[in-house]
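Notes for the structure review
Listed below are the residues making up each chain.
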2 protein chains.
Amino acid sequence: MVTLAEVARHAGVSASTVSYVLSGKRSISAATRERVENSVRQLGYHPNAGARALASSKSNIIALMVPLRTDMYVPVMMEIAMAVATAARTHGYDILLLTGEEGAQAVRRIEGSALADAVIVMDVQLDDERLPLLRTASRPAVLIGLPSDTSGLSCVDLDFAAAGAECAQALADLGHREIAVIGEAAAVYERRTGFAERTLAGLRERSAELGLRLLHRPCEGSYASVSATLARVFDERPGVTAFVVQNEAATDPLLALLRQSGRAVPEDVSVVAVCPEQVAAHASVPLTSVAVPAQEMGRRAVEQVIAKIEGRGADEEVVLIEPELTVRESTAQAPAGA
Amino acid sequence: MVTLAEVARHAGVSASTVSYVLSGKRSISAATRERVENSVRQLGYHPNAGARALASSKSNIIALMVPLRTDMYVPVMMEIAMAVATAARTHGYDILLLTGEEGAQAVRRIEGSALADAVIVMDVQLDDERLPLLRTASRPAVLIGLPSDTSGLSCVDLDFAAAGAECAQALADLGHREIAVIGEAAAVYERRTGFAERTLAGLRERSAELGLRLLHRPCEGSYASVSATLARVFDERPGVTAFVVQNEAATDPLLALLRQSGRAVPEDVSVVAVCPEQVAAHASVPLTSVAVPAQEMGRRAVEQVIAKIEGRGADEEVVLIEPELTVRESTAQAPAGA
DNA sequence: GGCATCTGTCGAAGCGCTTCGACAGATGCC
DNA sequence: GGCATCTGTCGAAGCGCTTCGACAGATGCC
């Protein structure tokens, strides 16, 4: 492996000069800089990460805690994780992948060993066990998700409450009066996952304001579960003319089952989903939806956490991304008979 | 941050003794060991990762290159990645997440900076541009996937050729003579992704042996794409009584469309898929399938790469996991009329 | 034109570990 | 009982960087 000392010798300068060329922390004459940069290129030099971290107390690594759950529909999570990794690289950072398995323990380990300069936490519960630790941690942390109490924390999330409200509003605007919500798996609520509860709260609030009848049922992504939920819904509320789908895994089964039961979408029943663009656009009936902007969430989280690492940015900052509802083919005016 | 020197002082021993207690590389008396371990616990000591890496030339980090593609169905990839991360932790390693975006560049960077002790590469193409670099790299590499030329490489993969053969065999055993393969997206073949081609090769070979008529069509995961593919298949081969699905995203649309077109599964048409257990088990008709053992693949790759890091294990080792076909409800005897 | 300030570069110290050689004291052997 | 070997511990060097203070030489100012 090529070392900084070898680069220095090759360029005929001192080691510190090479270091300053690389970091830009002191001004260096153009001639010297060029000579050094040439040597770096010629020798194929890469600074040793360990040595750099030790000397500067900065690892240029951001830890990312991803959930290790099977009941969470993974594509959004994966998309966010990839967006985080990509954004981090553009700022010269690498991503250390922590599975949720270690839990709070991992935060302590990362902090103690100085492995990472900061932590980004996904899949945050309203009352997450990791919050106290993150509040007092010596390293910056940013949550992707919104807990109940955000004091002393930085968060990035879609404004799911507003998303829920938008769904209710859009359906009300089309004349729908009875709406059913195909929720997330029961386990997701039991864990008190923020986005699920907030979407629901937004739906309920706006529905109340608009005088809509709302029925909410948790539902897993499997065909069988959607089928059972659907039967129950129509049994309890035969007048339902619209669905809001929270669980993105349920969209395909729902559309298939509606078709099977002789209900046309959107003529007989409207469907609105909260899900990634791709899922909405590629459904058997392209879905009117509020997008979960995975890319933007990942990018914003990285920007925020780097601002904190660099000492810019507030200690406490909540970024709520405005939801955007895109009308596709799954919604229409409520049927006249309803 | 607590340092090793502070632990040493607290325990009344030298720094090197603390180091040897931690690493176990020299024998230490029980009494001293206990005293040191106590101090470590009391002070909440975590070794500084950078210092350790610098002194020992070992980072205890494994880099994982995951694909950054949108045409690959992600759940398997995510499951493998998580399995890798979990397995790595049980061996005391962390995972550095590299997106495919950087490509071969990333391998060079990791190697030069000594950021990771080894690399695990996912989404390998038959003729992958990263292979030459991986062959000559000074650090161990393990591929999850199988390129055409495995010389000088270590690989872990499902034996997709055998998986394809098993699918053909199972359908032949049930009396099916005409089979259609719903393939991966065309782009997947264009990239010459190993698993897609090998599955197909296995299917073709065994079909030829058994005298089956085989029709293969690439297909994207969207409803529209499956619909078009299906129409074409029945147009070109009206006698088809069985499907093999390679693209796991296509399973749900396929089942829905068959149902819609009045074909009962498995009475009129049998369906076999190559996909993760979960997808097969939760489909609207539980699918007879060959599982993609994501967990095992991740675990084996980690074990292999760690063996190499520790100097055990061969330079070149190809682990092909035996496929297992599980019969569920989507297959039956070929209809008599066919 | 002389003194203060800038600019560019260097050398040395230090970051927190691991590891090597040394060695005191205990143990084993004939 | 004396010498060789083991066992357990220590101190020092070194891993490859960053960063601080120093300082020579160039530049600016009245």
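On a predicted model such as this, the values are computed, not experimentally measured, just so you know. (Residues numbered from 1 in each chain as written. Chains lettered and ligands numbered in written order. Predicted model: local features only at pLDDT ≥ 70, side-chain atom pairs only at ≥ 80, totals over all residues. Heavy atoms only, no water.)

1. A look at the protein's contact with DNA strand C
Close to DNA strand C lie 27 residues, the nearest being A:T17, A:S27, A:T32, B:S19 and B:R26. Within 4 Å of the protein, atoms of DNA strand C come from sugar and phosphate in 55% of cases. One of the side-chain N or O atoms of B:S19 is found 2.5 Å from a phosphate oxygen in DNA strand C. A distance of 2.9 Å separates a phosphate oxygen of DNA strand C from a polar atom in the side chain of B:K25. Elements with a contribution of two residues or more to the surface near DNA strand C: helix 2 (15–23) and helix 4 (49–56) of chain A together with helix 2 (15–23) and helix 4 (49–56) of chain B. Residue contributions to the surface near DNA strand C peak at five residues, all from helix 4 of chain B. Of the residues contributing to the surface near DNA strand C, the split by class is 12 nonpolar, 11 polar and four charged. (Near = heavy atom within 4 Å. Polar contact = N/O pair within 3.5 Å; in protein donor to acceptor, adjacent residues only side chain to side chain. Helix = DSSP H or I, 4+ residues; strand = E, 2+ residues; numbered from the N terminus. Nonpolar A, V, L, I, M, F, W, Y, C, P; charged D, E, K, R; others polar.)

2. Considering the packing of aromatic side chains
The full count for this structure, using the stated rule, is four aromatic pairs over all chains. Ring centres of A:F160 and A:F195 lie 5.3 Å apart, and the angle between their planes is 45°; on these two criteria the pair is classed as tilted. Of this pair, A:F160 sits in helix 8 (residues 160–173) while A:F195 sits in helix 10 (residues 194–210), and the two are 35 residues apart along the sequence. Judged by relative accessible area, which is 5%, A:F160 ranks as buried. With a centroid separation of 5.7 Å and an interplanar angle of 75°, the aromatic rings of B:F234 and B:F243 are classed as edge-to-face. The ring of A:F234 carries the charged tip of A:R263 above its face, separated from the ring centre by 3.5 Å. (Phe/Tyr/Trp six-rings, centres within 6.5 Å; stacked < 30°, edge-to-face > 60°. Buried < 20%, exposed > 50% of the residue type's maximum accessible area, 1.4 Å probe, protein only. Lys NZ or Arg CZ within 6 Å of the ring centre and 35° of its normal.)

3. Details of the confidence of the model for chain A
On average, residues of chain A score 93 in pLDDT, and 98% of them are at 70 or above. Between the elements of chain A, mean pLDDT differs from a low of 86, seen in helix 9 (residues 186–190) of chain A, to a high of 98, seen in strand 8 (residues 242–245) of chain A. (pLDDT = per-residue confidence, 0-100.)

4. Topic: the UniProt feature "domain: HTH lacI-type" (unreviewed entry) in chain A
Residues annotated in UniProt with the feature "domain: HTH lacI-type" (unreviewed entry) correspond here to residues 2–56 of chain A. Counting secondary structure, residues 2–56 of chain A comes out at 71% helix and 0% strand; the distance between its end C-alpha atoms is 20 Å. (UniProt positions renumbered as here; feature names shortened; annotations may be inferred.)

5. Some words on the protein's contact with DNA strand D
Every one of the 28 residues lining DNA strand D counts as a neighbour, but A:S19, A:R26, B:T17, B:S27 and B:T32 are closest to it. For DNA strand D, the fraction of protein-proximal atoms (within 4 Å) that sit in sugar or phosphate groups is 56%. Within the contact set of DNA strand D, a phosphate oxygen lies 2.5 Å away from a side-chain nitrogen or oxygen of A:S19. At 2.2 Å from a phosphate oxygen of DNA strand D is found a side-chain nitrogen or oxygen belonging to B:T32. Secondary-structure elements contributing two or more residues to the surface near DNA strand D are helix 2 and helix 4 of chain A together with helix 2 and helix 4 of chain B. Residue contributions to the surface near DNA strand D peak at five residues, all from helix 4 of chain A.

6. Points about the pairing of strand 9 (residues 270–275) of chain B
Residue and element names in this part refer to chain B. Among the six residues that make up strand 9, six are buried, leaving the element largely enclosed by the rest of the structure. Burial along strand 9 is two-sided: the face carrying S270, V272 and V274 and the face carrying V271, A273 and C275 are both buried. As judged from the four bridges shared by strand 8 (residues 242–245) and strand 9, these two strands associate in the parallel manner. Following the sheet pairing, V244 is matched in strand 9 by V272. Between the parallel pair strand 8 and strand 9, the chain is carried across by helix 12 (residues 251–260), and the sense of this crossover is right-handed. Taken together, the four bridges between strand 9 and strand 10 (residues 288–291) define a ladder with parallel strand orientation. Its bridge partner lying in strand 10, V274 is registered against V290. (Pairing = 2+ DSSP bridges. Right-handed = clockwise from strand over helix to strand, strands pointing away.)

7. Focus on helix 1 (residues 4–11) of chain A
Residues and elements named next belong to chain A. Among the residues of helix 1, V7, A8 and A11 are the ones counted as buried. Along the axis of helix 1, the buried positions cluster into a sector of 100°, meaning they face one direction only. In the core, the buried residues of helix 1 are packed alongside helix 2 and helix 3 (30–43). (Arc of directions from axis to C-beta. Contact = heavy atoms within 4.5 Å.)

8. Structural notes on helix 11 (residues 223–236) of chain A
For helix 11 of chain A, with 14 residues, the first-to-last C-alpha span of 20 Å sits near the 20 Å given by 1.5 Å per residue. If you check which residues of helix 11 of chain A are buried, you get A:Y223, A:S225, A:V226, A:T229, A:L230, A:V233 and A:F234. The buried side chains of helix 11 of chain A occupy one side of the element, clustering within an arc of 155° when seen end-on. Opposite its buried face, helix 11 of chain A presents the exposed residues A:A224 and A:D235, each directed more than 90 degrees away. Those residues of helix 11 of chain A that are buried lie in contact with strand 6 (178–182), strand 7 (213–217), strand 8 and helix 12 (251–260) of chain A together with helix 12 and helix 13 (277–282) of chain B. (Expected span 1.5 Å × (residues − 1).)

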